[in-house]
Amino acid sequence: MMQLGYSEEEFMGRPIIGILNTWSELNSCHSHFPERVKDVKRGILQAGGFPVELPSLSVDESFSKPTSMLYRNMLAMEVEENIRSHPLDGVVLMGGCDKSTPGLVMGAITADVPMIYLPAGPMLRGNYAGKTLGSGSDAWKFWDERRAGNISDAEWVGVQGGIARSAGTCMTMGTASTMTAIANSLGLTLPGASSIPAADSGHQRMGADCGRRIVDMVWEDLTPEVIVTEAAVRNAAIVAMATGCSTNAVVHLIAMARRAGVQLTLDDLDALGRVTPLIANVRPSGKDYLMEDFYFAGGLRALMKQIEDRLDTTCITVTGKTLAENLEGAVVYNDDVIRPLSNPVYKEGSLAVLKGNLCPSGAVIKPAACDPKYYQHEGPALVFDSYPEMKAAIDDEDLDVTPDTVLVLRNAGPQGGPGMPEWGMLPIPKALIKQGHRDMLRISDARMSGTSYGACVLHVAPESFVGGPLALLKTGDIVRLDLEGRRLDMLVDETEIAARRAAWSPPERRFERGWGWMFSQHVGQADSGCDFDYLQRDFGAAAGEPDIF
């Protein structure tokens with residue numbers, strides 16, 4: 001400590017607080033973290049603690065190849081071991097970009113020292129040519145217009161510049177805002193922290209508040225074991241459905257819950273989705289507003305207040321108070337942004353879980369973000385075994401395809417992708433784009449960005465790469481989606497399916513060494529949260545703090 005320049009009176013007898021910072025120069029969502037960590041340190045020092053900043057894997061989605069999902073579990077392992085191997089009494093977790101929230105929280109739950117999560121916050125709303133733009137959602141929209149020849153290259157550059165105007169995460173209700181809202185509703189953030197825009201001065205104050213609060217949590221010995229309970233997980237699932245959450249919430253919340261010993265399932269989530277109205281009118285499931293509007297309308301506290309009677313408000317949070325106490329005084333300032341239960345955006349929650357002979361372990365769809373005409377649909381499959389094969393075909397203006405065709409991409413799951421990339425919002429074929437079509441039924445074992453939209457069936461499990469039924473589907477087979485019945489089936493005779501299975505052979509493995517090999521050997525399927533088998537709670541007890549001699 002003296003080599004670091006500290007005197008004994010600076011750290012002796014004080015709680016040592018680790019600040020796990022996922023900043024990097026390639027993570028635009030976290031580009032304000034070098035400044036925000038100063039606010040956290042200020043709060044820790046004010047409360048009598050000693051701050052220590054530790055870098056953590058950034059897992060940014062925009063630049064990670066093929067997807068940051070391949071490294072979520074690596075971040076969770078790094079967090080767990082960083083906490084265990086260093087003399088830390090408590091930690092502040094700084095994240096926000098999609099996989100950083102579950103990765104940080106999963107590792108901290110297992111390490112089980114006092115922790116508080118500091119969400120990066122959404123960026124400012126986009127603007128171009130007098131139009132309000134939403135992250136991701138409008139990028140996909142204008143990309144299709146460019147493919148159709150409706151906008152110029154110069155306009156496309158203008159859209160890109162206008163859509164991302166500040167530091168922070170996507171300002172639609174994408175995966176980042178979904179997962180920080182989930183951390184908030186689990187009780188792991190300060191009340192309403194997930195809604196504060198990154199560029200708002202309130203975000204700086206929240207950072208200092210996190211620093212002060214974590215010191216008190218250490219003295220109180222308030223750990224994730226006390227906070228992340230079965231009731232808290234249920235609260236988080238209900239809130240996620242009410243916000244119009246990303247489909248990625250399914251994979252991450254299941255993984256986070258199981259780290260805490262809560263055996264959350266797809267069926268649990270579907271049951272909650274059927275009875276939880278979507279009341280956040282925020283894109284892409286909502287129609288008109290973005291996260292900045294949501295914050296000014298009252299933020300997550302106000303939304304939770306609207307559904308308070310559906311939540312277990314006795315749950316303890318990082319404040320040391322109950323959820324009920326944290327929601328006192330919460331007010332909705334704009335009831336078109338945060339709707340009352342009597343006027344929801346969509347009568348059910350954001351997500352629906354499908355089962356059937358194409359997805360016996362489950363698949364996920366986001367009904368509120370797709371054209372209702374696809375809720376009941378039959379059409380011929382057009383099957384692709386790789387993204388490059390699909391990409392070449394959909395840009396062919398002579399492709400034999402109609403609006404009833406069902407596009408299928410396989411070998412894009414946890415092992416096939418690898419890492420289950422965000423390829424699931426398959427591009428509409430150019431031939432249909434030029435005819436004015438902007439949606440069609442699409443199926444894959446991939447994920448899609450939380451900012452995406454459309455009739456996309458995702459997370460098909462088991463994935464095709466390991467022999468799931470999607471591997472047996474052929475171009476021309478009729479596929480049926482029955483949303484109300486929660487079914488997804490190929491209308492193929494069982495005898496024929498059995499013959500195809502007998503003829504199927506597994507593809508070549510993706511990795512022969514290193515992290516990829518480890519990932520392939522131990523990753524679970526989408527329906528179980530894609531955690532590693534040996535990291536889950538029921539595999540064995542977590543190691544205690546190492547002895548120091």
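These remarks concern the structure in this document. None of these values were measured; they are calculated from a predicted model. (Residues numbered from 1 in each chain as written. Predicted model: local features only at pLDDT ≥ 70, side-chain atom pairs only at ≥ 80, totals over all residues. Heavy atoms only, no water.)

1. Some details on the overall build of the protein
- Counting secondary structure elements, the protein contains 19 helices and 14 strands.
- Radius of gyration (C-alpha) of the protein: 23 Å, near the 24 Å computed for a compact globule of 549 residues.
- A principal-axis box enclosing the C-alpha atoms of the protein has dimensions of 75 × 55 × 45 Å.
- Expressed as a percentage of its 549 residues, the buried residues of the protein come to 61%.
- Across the protein, the fraction of contacts at a sequence separation of at least 24, relative to all contacts at a separation of at least 6, is 77%.
- Put simply, the protein shows about 20900 Å² of open surface, and 51% of that area lies on carbon and sulfur atoms.
- Each charge class in the protein can be summarised by its mean position, and for the 50 positive and 70 negative side chains these summaries are 4 Å apart. (Helix = DSSP H or I, 4+ residues; strand = E, 2+ residues; numbered from the N terminus. Rg over C-alpha atoms; globule rule 2.2 N^0.38 Å. Buried < 20%, exposed > 50% of the residue type's maximum accessible area, 1.4 Å probe, protein only. Contact = heavy atoms within 4.5 Å. Areas by Shrake-Rupley, 256 points an atom, 1.4 Å probe, with all protein chains shown as cover. Lys, Arg positive; Asp, Glu negative; His and termini not counted. Charge placed at Lys NZ, Arg CZ, Asp CG, Glu CD.)

2. Quick notes on the sheet that holds strand β14 (residues 487–490)
- Across the sheet, eight strands lie side by side as β7-β8-β12-β11-β10-β9-β13-β14; this open sheet has mixed pairing. Of all the strands in the sheet, the pair left with one neighbour each is β7 (352–354) and β14. For this sheet, the mean inter-axis angle between neighbouring strands, taken without regard to orientation, is 25°. (Pairing = 2+ DSSP bridges. Axes fitted to C-alpha atoms, helices over the stretch in contact; angles between N-to-C directions.)

3. Things to note about the pairing of β14
- With four bridges connecting them, strand β13 (residues 478–482) and β14 associate as antiparallel partners. Its bridge partner being in β14, arginine 480 is matched across the sheet by aspartate 489.

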